[in-house]
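# Descriptive structure summary
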Amino acid sequence: MLVFVCQLPQKWQNEIVSKCRKVFETLGDAIDTEEEIENVLNSKVKDVSAIDASPYLKYYKP
């Protein structure tokens with residue numbers, strides 16, 4: 001199943017972005033957090049490696 005983060009309900013997008021933001025911020029100035037968040041929103045859910053995305057796929061029915 002090919003599901004992009006930006007296709008998920010807004011509530012789930014917000015949860016994913018929040019979790020990823022926490023991970024990215026631990027990396028300090030090594031990365032551009034906002035750019036990485038944009039990349040997350042345009043990624044396939046299964047490719048979001050910063051978090052365990054399986055709960056979102058499990059309940060998502062396009």
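See the structure shown above.
For the structure given in this document, a descriptive report is provided here.

Rules and cut-offs
Numbers given to residues run from 1 along each chain, matching the order in which its sequence is written. Owing to the predicted nature of the model, reporting of local features is limited to residues with pLDDT of at least 70; listing and counting of side-chain atom pairs is limited to 80 or more, with chain, interface and lining totals taken over all residues. Side-chain figures throughout are based on the complete set of non-hydrogen atoms in the structure, without hydrogens or water. Runs of E in the DSSP output that reach at least two residues are strands. Runs of H or I that reach at least four are helices, and both are numbered from the N terminus. Burial here depends on accessible area, computed with a 1.4 Å probe over protein chains only, as a share of the maximum for the residue type. Under 20% is buried, over 50% is exposed, and the range in between is partly exposed. Residue contacts are counted whenever heavy atoms from the two residues lie within 4.5 Å of one another. Axes, fitted as lines to C-alpha atoms, cover a helix only where it is in contact. Angles between the N-to-C directions of the axes lie from 0 to 180 degrees. Should the near helix be turned anticlockwise from the far one by less than a right angle, the crossing is left-handed, and should it be turned clockwise, the crossing is right-handed. Put simply, Ala, Val, Leu, Ile, Met, Phe, Trp, Tyr, Cys and Pro go in the nonpolar bin, Asp, Glu, Lys and Arg in the charged bin, and everything else, Gly too, in the polar bin. To qualify as a nonpolar core, a set must consist of buried Ala, Val, Leu, Ile, Met, Phe, Trp, Tyr and Cys residues joined through side-chain atoms within 4.5 Å. The arc in question is traced by the directions running from the helix axis to the C-beta atoms.

Broken down by element type, the protein chain carries three helices and zero strands. Secondary structure of the protein chain in N-to-C order comes out as α-α-α. By residue count, 32% of the 62 residues in the protein chain fall in the buried class. Here the contacts in the protein chain between residues at least 6 apart in sequence split such that 65% fall between residues at least 24 apart.

Relative to each other, helix 1 (residues 10-26) and helix 2 (residues 33-41) sit at 140 degrees, their axes nearing to 10 Å. Of the two possible hands of crossing, helix 1 and helix 2 adopt the one that is right-handed. Contacts between helix 1 and helix 2 involve Gln13, Ile16, Val17, Cys20, Arg21, Phe24 and Glu25 on the former and, on the latter, Thr33, Glu34, Glu36, Ile37, Val40 and Leu41. Of the residues assigned to the contact of helix 1 with helix 2, the class counts are seven nonpolar, two polar and four charged.

Structurally, the position occupied by Ile37 is in helix 2. Distance in space between the C-alpha atoms of Ile37 and Ile16 is 9.4 Å, their sequence separation being 21 residues. Leaving out residues up to four positions away in the same chain, Ile37 has contacts with Val17, Cys20, Arg21 and Phe24.

Judged by nonpolar contacts, the single largest core of 15 residues is most densely connected at Val5, Leu8, Ile16, Cys20, Val40, Val45 and Val48. Sorting the residues of this core by element identifies helix 1 and helix 2 as the ones contributing at least two each. Counting residues per element, this core draws most heavily on helix 1, at five residues.

Attention now goes to helix 2. When we look at burial in helix 2, the residues that qualify are Thr33, Ile37, Val40 and Leu41. Projection of helix 2 onto a plane perpendicular to its axis shows the buried side chains occupying an angular sector of 95 degrees, all on one side. Check the buried side of helix 2 and you find it contacts helix 1.

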